[in-house]
Amino acid sequence: MRYLFVMFVLAPFLVTAVSAQGLVNNVGSSGEDSLSVLVLSLDSLGRPTTSDSFYVVICKSDANGAIFRDSGNAAMSGLDTLTIAGQRYYYYHRPIADIDSAGAAGWYSGVITAKKNSGALLTPNRFSFQIVDRELSDALDSVGMGAGNSAKALDSLGKIITTLGTLETGGCNGSGAYAVTVIVYDSSTNQVVPEAELAIRNLDQSALIAVGMSNSSGRVNLNLDTASYLAISGAPGYIFSAFDTVTITGTGIDTVFGYRFDPGTPSSPTLCRVYGYLYGLSGTPEAGAAVGAYLPGGVVRSGELVVSPFAVTTVTDSAGYFFLDVIPSDSLTAGGTKYEFTIARQNGTILRQRVKVPSTTSWRLTW
């Protein structure tokens, strides 16, 4: 659940405020589909006080005029009051659908003005927010954001395929001039790898060119233009080079290589070993990044055991590799509990996603 909070301090009779921003969407009915603003009403000394009326105005970046207006007293729709240390505060929260029924993606800005009749005091509470088309807890690291972001880590292939919905077994993808076949090959057994996922990106990773899945012969058929591309591959139980480069000069065949990988046995047979590799945008391993997993919903049970919500953590090694042993989601009370995985890179970037950990001995985490 993600909220926007705005606070202000006013000098006597001055109307100054600090702007803030947040991300929301308009797809469902969760907290991520609602706008929330802490509204202050201040007296001439800058202390919280009661207000007699409120005025709300919201504008959109690509529309003329206000798209939403409202006014009323402390009982107006969406406005609640709370008292802290004897001081009065106001809290405005409305579903995005109430503000813009279309929920069009874009930037919005607004102001909630609190008016106190005594002394004609006005306190403006300015804010801004962006509507996005997917809930953040499930898609903050979706391929659309990762492709142009230096925070891209691991391979985001699973989300590429989910997002685009264009995966075809042995299918032909891409819009280039030449028919190209990429063969996915297991270098440890000298065999092809069926049902391996393949994504083709341009070299600076600013665009996804094509996706596909290898057929029973290990082949993925693509249409590509003359250029060099990054081929990013993935398959359960396999490790592939982080960033293979394929060069297309016409119709032909190229190969990407991987090998079987055993992440080892978890510390208890009731656990799942979650593992992965962290790479930078250039394809080099990132060592020393902190990886953690915790239960954002708090304490849960697994059989007779009480499971702490505190994070299990580790650090990536020189190859960018990490693993964590955790209880599978379906073994926790109210099956389907999601873990929140975070990766804190040394440059300060933090990656975050919530996923279910399957009931398997090992499982590779992809971003």
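1. Observations regarding the overall build of the protein
If you tally the helices and strands in the protein, you get four helices and 27 strands. Put simply, the protein has 367 residues, and 45% of those count as buried. If you take every contact in the protein between residues at least 6 apart in sequence, the share linking residues at least 24 apart comes to 64%. When the accessible area of the protein is evaluated, it comes to approximately 17200 Å², of which 53% is carbon and sulfur surface.

2. Thoughts on the sheet that holds strand β20 (residues 290–294)
Spatial strand order, β23-β20-β25-β26: four strands in an open sheet with antiparallel pairing. Single-partner strands in this sheet number two, and they are β23 (312–315) and β26 (350–355). Neighbour to neighbour, the strand axes of the sheet diverge by 15° on average, direction disregarded. Where strand β25 (residues 339–344) and β26 come together, six bridges link them in antiparallel fashion. From the neighbouring strand, T342 faces β26, where its bridge partner is R352.

3. A look at the confidence of the model for the protein
Detail in the predicted coordinates should be disregarded across regions flagged by low pLDDT. Considering every residue of the protein, the mean pLDDT works out to 75; 75% of them sit at 70 or more. Confidence scores differ between elements of the protein, with helix α3 (residues 143–146) showing the lowest mean pLDDT of 40 and strand β3 (residues 53–60) the highest of 92. Contacts for the low-pLDDT stretch residues 1–21, under 50 throughout, to residues beyond four places or in other chains number 69 contacts. Across residues 135–172, confidence stays below pLDDT 50; counting only partners more than four residues off in sequence or on other chains, it has 103 contacts.

4. Observations regarding the nonpolar core
A general feature of soluble globular proteins is that nonpolar side chains tend to end up buried together. Judged by nonpolar contacts, the single largest core of 22 residues is most densely connected at V274, V326, L332, Y339, F341 and V357. Taken together, the elements giving at least two residues each to this core come down to β19 (272–277), β20, β24 (321–326), β25 and β26.

5. A word on the pairing of β24
Where burial is concerned, most of β24 is hidden: five out of the six residues are buried. One ladder, built from six bridges, connects β19 with β24; its direction is antiparallel. Paired with R273 across the bridge in β24 is D325.

6. Comments concerning the pairing of strand β5 (residues 79–84)
Where β5 meets strand β6 (residues 87–95), six bridges bridge the pair, whose relative direction is antiparallel. Following the sheet pairing, T81 is matched in β6 by Y90. Hairpin connection between β5 and β6: a loop of two residues separates the two successive antiparallel strands, and A85 in this loop has a positive phi of roughly 55°.

7. Some details on the packing of aromatic side chains
What the rule picks out here adds up to nine aromatic pairs. Measuring from centroid to centroid gives 6.3 Å for Y321 and F323, while their planes differ by 45°, and the two rings are tilted. Put simply, the rings of Y275, Y277, Y321 and F323 pair up and form one aromatic cluster. The ring of F323 carries R273 above its face, with NZ or CZ at 3.8 Å from the centroid.

8. Side note on the sheet that holds strand β12 (residues 197–202)
Pairing within the open sheet is antiparallel, and its four strands lie in the order β13-β12-β15-β17. In this open sheet, the two strands that pair with only one neighbour each are β13 (208–213) and β17 (244–248). For this sheet, the mean inter-axis angle between neighbouring strands, taken without regard to orientation, is 25°.

9. Looking at the environment of L222
Secondary-structure assignment places L222 in strand β14 (residues 219–224). Relative accessible area serves as the criterion here: at 1%, L222 is assigned to the buried category. With 46 residues separating them in the primary sequence, L222 and G176 have C-alpha atoms 8.2 Å apart.

10. Topic: the pattern of salt bridges
Going through the model one piece at a time under the given rule, you end up with seven salt bridges. One salt bridge in this structure joins D70 and R94, with 3.5 Å as the shortest N-O distance. Of the two residues, D70 sits in strand β4 (residues 66–72) while R94 sits in strand β6, which places them 24 residues apart along the sequence. For R94, a relative accessible area of 10% corresponds to the buried category.

11. Let's talk about the environment of V57
Topologically, V57 is positioned in strand β3. V57 gets classed as partly exposed once you look at its relative accessible area, which sits at 31%. Sequence separation between V57 and S71 is 14 residues; the distance between their C-alpha atoms is 8.9 Å. Other than its neighbours up to four places away in sequence, V57 contacts A66, F68, S109, G110 and V111.

What counts, and at which threshold
Residues numbered from 1 in each chain as written. Predicted model: local features only at pLDDT ≥ 70, side-chain atom pairs only at ≥ 80, totals over all residues. Heavy atoms only, no water. Helix = DSSP H or I, 4+ residues; strand = E, 2+ residues; numbered from the N terminus. Buried < 20%, exposed > 50% of the residue type's maximum accessible area, 1.4 Å probe, protein only. Contact = heavy atoms within 4.5 Å. Areas by Shrake-Rupley, 256 points an atom, 1.4 Å probe, with all protein chains shown as cover. Pairing = 2+ DSSP bridges. Axes fitted to C-alpha atoms, helices over the stretch in contact; angles between N-to-C directions. pLDDT = per-residue confidence, 0-100. Core = buried A, V, L, I, M, F, W, Y, C linked by side-chain atoms within 4.5 Å. Phe/Tyr/Trp six-rings, centres within 6.5 Å; stacked < 30°, edge-to-face > 60°. Lys NZ or Arg CZ within 6 Å of the ring centre and 35° of its normal. Salt bridge = Lys/Arg side-chain N within 4 Å of Asp/Glu carboxyl O.

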